[in-house]
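A structural walkthrough
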Amino acid sequence: MTCPTPARLIPALLLAATLPLAAQTTAPADDAAREALRTKEGDVSNASLLKDTLSAAEKQYSLLKKGKTALSYELAYAYIGTETINAKFTDSTLTLFEISNTRAHTVTNTFSGEYGLADNLTLTAGLPLLSRFSQSESFSGLSNGLGDLSLGVRFQPFSLQRDMPSLTTTAALRLPTGRSPFKTIVGQNLATGAGYTGLTLGVNASKVLDPVALFGSLNLGLALPAKGLSQARDSLVLTEVRPGATVGFGLGFAYSLSYNVSLTSSIQESVSARTHLRFADGSTRRTAPQTSASLNFGLGVRVSPKTTLNLNTAIGLTADSPDFTLSLSVPLNF
């Protein structure tokens with residue numbers, strides 16, 4: 001027996017609602033209508049469909065969408081001026097005293113790429129090319145080379161929510177592909193890399209309070225020792241370097257002047273533990289802890305719906321920081 005179509009069921013249901021109970025029990029067509037309209041086990045209701053739709057709409061992330069790629073180029077200039085005093089005592093007599101001034105200008109061209117492995121998981125990579133001009137009493141000249149390659153990942157554990165800040169965890173691996181400062185020859189060339197493998201773990205948080213966005217970050221840097229070295233330093237031969245851990249943080253805000261122009265301001269600081277140096281004669285030395293801090297200002301200009309130019313400048317606040325940094329980043333996927 002086939003069930004009647006929904007169009008035929010409507011008059012039957014209306015009639016059943018007005019008949020007495022005895023009449024209803026003697027109407028098999030009405031019973032069939034009720035059975036046809038009753039929700040079966042496993043059927044999808046409109047309420048469940050609406051709930052699933054709203055849940056899917058809430059799972060929004062600020063990272064790159066799955067399967068998407070993004071390329072960018074950054075041009076950065078940094079100036080570092082240092083003054084070093086070298087003193088040497090022999091039998092309590094000062095035999096060496098000199099003041100060395102070094103002025104270094106560094107231009108960095110960085111090509112970066114991102115790939116959305118998932119809506120909340122993005123892979124990153126960056127390759128810098130460095131040109132460094134330095135002037136000092138021992139060396140004056142230009143040095144070009146490849147910098148340290150960086151590979152990273154960004155992960156958002158939670159989807160965006162209206163009343164909660166957005167959290168992003170990061171991990172970046174720096175590979176020593178650049179010219180190591182522990183393998184350069186004094187007076188002949190300059191380093192273009194750190195000289196050791198480093199891993200940085202961090203967490204970023206941001207909260208939009210239209211038209212202001214607040215953000216902060218906290219990170220931890222670890223490094224593998226550089227072994228097998230043979231660099232002459234002050235009549236000693238350096239054989240091993242064990243960098244100390246680094247802890248850093250940052251705070252700032254972004255303000256939207258209009259739909260096309262935004263300003264950012266932030267402060268960043270990092271503290272590095274002592275670095276242990278080992279020499280061929282078995283002696284060891286430790287460097288002093290270093291503190292680096294900078295005050296940053298940025299300007300973002302949207303030149304098209306898909307293209308935003310970002311101009312940033314940083315002023316060093318400590319002796320261990322670059323005196324001045326200026327950078328311009330441009331997306332390449334127009």
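Below or above, wherever it landed, is the structure these notes cover. Given the structure is predicted, the values throughout are model-derived calculations rather than measurements.

1. Quick notes on the overall build of the protein chain
A count of helical and extended segments in the protein chain gives 4 helices and 17 strands. The buried share of the protein chain, reckoned over its 334 residues, is 24%. Excluding contacts between residues fewer than 6 apart, the proportion of contacts in the protein chain whose partners are at least 24 apart in sequence is 56%. As displayed, the protein chain has an accessible area near 21400 Å², and 61% of this comes from carbon and sulfur atoms.

2. Remarks on the pattern of salt bridges
By the definition in use, this model includes 4 salt bridges. With its nearest N and O atoms 2.6 Å apart, the salt bridge here joins Glu240 to Arg242. Look at Glu240 and you get buried, because its relative accessible area is 13%. Look at the salt bridges and you will find they share partners, linking Glu240, Arg242 and Arg278 into a network.

3. Focus: unusual backbone geometry
A cis amide bond links Asp210 to the next residue, Pro211, at an omega of 10°. Relative to the helices and strands, Pro211 is located in the loop between β7 (198-209) and β8 (212-223).

4. Thoughts on the packing of aromatic side chains
If you walk through the whole model with that rule in mind, you get 1 aromatic pair. Taking 5.1 Å as the distance between ring centres and 45° as the angle between the ring planes, the aromatic pair formed by Tyr73 and Phe111 counts as tilted. On the criterion of sequence distance, the pair formed by Tyr73 in strand β1 (residues 69-90) and Phe111 in strand β2 (residues 93-118) is long-range, its members being 38 residues apart. Given a relative accessible area of 23%, Tyr73 falls into the partly exposed group. Positioned over the ring face of Tyr259 is Arg302, at 4.9 Å from the centre of the ring.

5. Quick notes on the pairing of strand β12 (residues 261-272)
Here 11 bridges tie strand β11 (residues 246-256) to β12, and the two strands are oriented antiparallel to one another. Along β12, the bridge assignment pairs Phe249 with Glu269. Between β11 and β12, which pair antiparallel one after the other, the connecting turn spans 4 residues. Of the strand pairs in this sheet, β12 and strand β15 (residues 290-304) are connected by 12 bridges, and their pairing is antiparallel. Bridge pairing in β15 places Val261 opposite Val301.

6. Topic: the nonpolar core
For soluble globular proteins, the rule of thumb is that nonpolar side chains tend to be buried together. In this structure, Phe182, Ala226, Leu229, Leu236, Leu238, Val241, Leu277 and Phe279 together form the largest nonpolar core, which totals 8 residues. Every element with two or more residues in this core is listed here: β10 (236-242) and β13 (276-279). Counting residues per element, this core draws most heavily on β10, at 3 residues. Leave out the neighbours within four places in its chain, and Leu236 touches Gln231, Phe279, Asp281 and Arg285.

Rules used throughout
- Residues numbered from 1 in each chain as written.
- Predicted model: local features only at pLDDT ≥ 70, side-chain atom pairs only at ≥ 80, totals over all residues.
- Heavy atoms only, no water.
- Helix = DSSP H or I, 4+ residues; strand = E, 2+ residues; numbered from the N terminus.
- Buried < 20%, exposed > 50% of the residue type's maximum accessible area, 1.4 Å probe, protein only.
- Contact = heavy atoms within 4.5 Å.
- Areas by Shrake-Rupley, 256 points an atom, 1.4 Å probe, with all protein chains shown as cover.
- Salt bridge = Lys/Arg side-chain N within 4 Å of Asp/Glu carboxyl O.
- Phe/Tyr/Trp six-rings, centres within 6.5 Å; stacked < 30°, edge-to-face > 60°.
- Lys NZ or Arg CZ within 6 Å of the ring centre and 35° of its normal.
- Pairing = 2+ DSSP bridges.
- Core = buried A, V, L, I, M, F, W, Y, C linked by side-chain atoms within 4.5 Å.

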